[in-house]
Amino acid sequence: LFGLLILAHYQTSPTDLRLLLDCPDIEIWLWRDDMAIYGVALLMREGPIDAALAEQIRAGRRRPRGQLLPQTLLAHCGYLAAAGYRYLRVMRIAIHPACQQQGQGGRFIAALTAHYRLHADFLGCSFAATPELLHFWRKQGWQAVRLGLSKDVATGCHAAVLLTALRPELQPQLSTWQQQFQQQLPVWLAHILSDLAADIILPLL
């Protein structure tokens, strides 16, 4: 499992192994049969956040460890309602190179989505926004709700946040967040994100 993570991501380190062994909020999924492991997904349980702490996060006074998705929606987007939901954040998903380009990743995501419909409100992810990754997640039907305004030092890319609602009644909330993001994006493209490549912009719209 850990070898597959190393193959898939250059930032995998021994501290990730400690996280797998010790973190009570992480869930580890394998895509496998009796012969081999073909894929792995690591998901982190996040939220809900109590109202008092959520207000401090939105105001920029607190940044508790973890809780990346609700904190991003609170601190960077100002969505106070985001604090009340339960999230599963896909930290990593990796398919063995010999099995890629066969739809395995999409089937893995579909299986996770089906499983968590009764256990959380949203599935989400945050990653360095490259055309390939944006295309993959948008192909799964996930919606963009945030793009970082500055580039990450390690990746040289802007960070994107995408979500999918796990229950039909939550789709209006997700659509509202997506629409607000899309209303802000043209303003950013005219100024701070003016050098953003078209193949990054198009999947976000």
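Anything mentioned here points back to the structure above.
Reading the values: the criteria
- Residues numbered from 1 in each chain as written.
- Predicted model: local features only at pLDDT ≥ 70, side-chain atom pairs only at ≥ 80, totals over all residues.
- Heavy atoms only, no water.
- Pairing = 2+ DSSP bridges.
- Helix = DSSP H or I, 4+ residues; strand = E, 2+ residues; numbered from the N terminus.
- Axes fitted to C-alpha atoms, helices over the stretch in contact; angles between N-to-C directions.
- Contact = heavy atoms within 4.5 Å.
- Phe/Tyr/Trp six-rings, centres within 6.5 Å; stacked < 30°, edge-to-face > 60°.
- Buried < 20%, exposed > 50% of the residue type's maximum accessible area, 1.4 Å probe, protein only.
- Right-handed = clockwise from strand over helix to strand, strands pointing away.

Colleague: Can you tell me about the sheet that holds strand β1 (residues 26–32), naming the residues and giving the values?
Modeller: Spatially, six strands are ordered β1-β2-β3-β4-β6-β5 in an open sheet, and the strand pairing comes out mixed. The open sheet terminates on both sides in strands that have one partner only, identified here as β1 and β5 (143–151). When strand polarity is set aside, the average angle formed by the axes of neighbouring strands in this sheet is 25°. For β1 and strand β2 (residues 37–46), the ladder comprises seven bridges, and the chain directions are antiparallel. Within β2, the position partnered with R32 by the bridge is I37. Together, β1, β2, β3 (87–95) and β4 (122–128) form the strand contacts of helix α5 (residues 104–116), whose direction differs from that of β1 by roughly 130°.

Colleague: If you had to explain the packing of aromatic side chains to someone new, which residues and values would you point to?
Modeller: Here the structure, examined in full by the defined rule, presents 10 aromatic pairs. Ring centres 4.5 Å apart and planes at 45° place the aromatic pair W137 and W142 in the tilted group. Of the two residues, W137 and W142, both sit in the buried class. Clustering of aromatic rings is evident, with ring pairs tying together Y79, Y85, Y87, F122 and W177.

Colleague: Tell me about the side chain of Q178, residues and numbers included.
Modeller: By secondary structure assignment, the location of Q178 is in helix α7 (residues 171–189). Once residues within four sequence positions are removed from consideration, Q178 is found in contact with Q143, A144 and V145.

Colleague: Describe the pairing of β4, naming the residues involved and giving the relevant values.
Modeller: By the criterion of burial, β4 is predominantly enclosed, with five of the seven residues buried. With three bridges joining them, β3 and β4 adopt parallel strand pairing. Each residue of the ladder has a partner; that of R89, found in β4, is G124. Crossover handedness for the path β3 to α5 to β4: right-handed. In this sheet, strand β6 (residues 158–165) lies alongside β4 in antiparallel orientation, the contact comprising seven bridges. Note on β6: the bridge partner recorded for C125 is L162.

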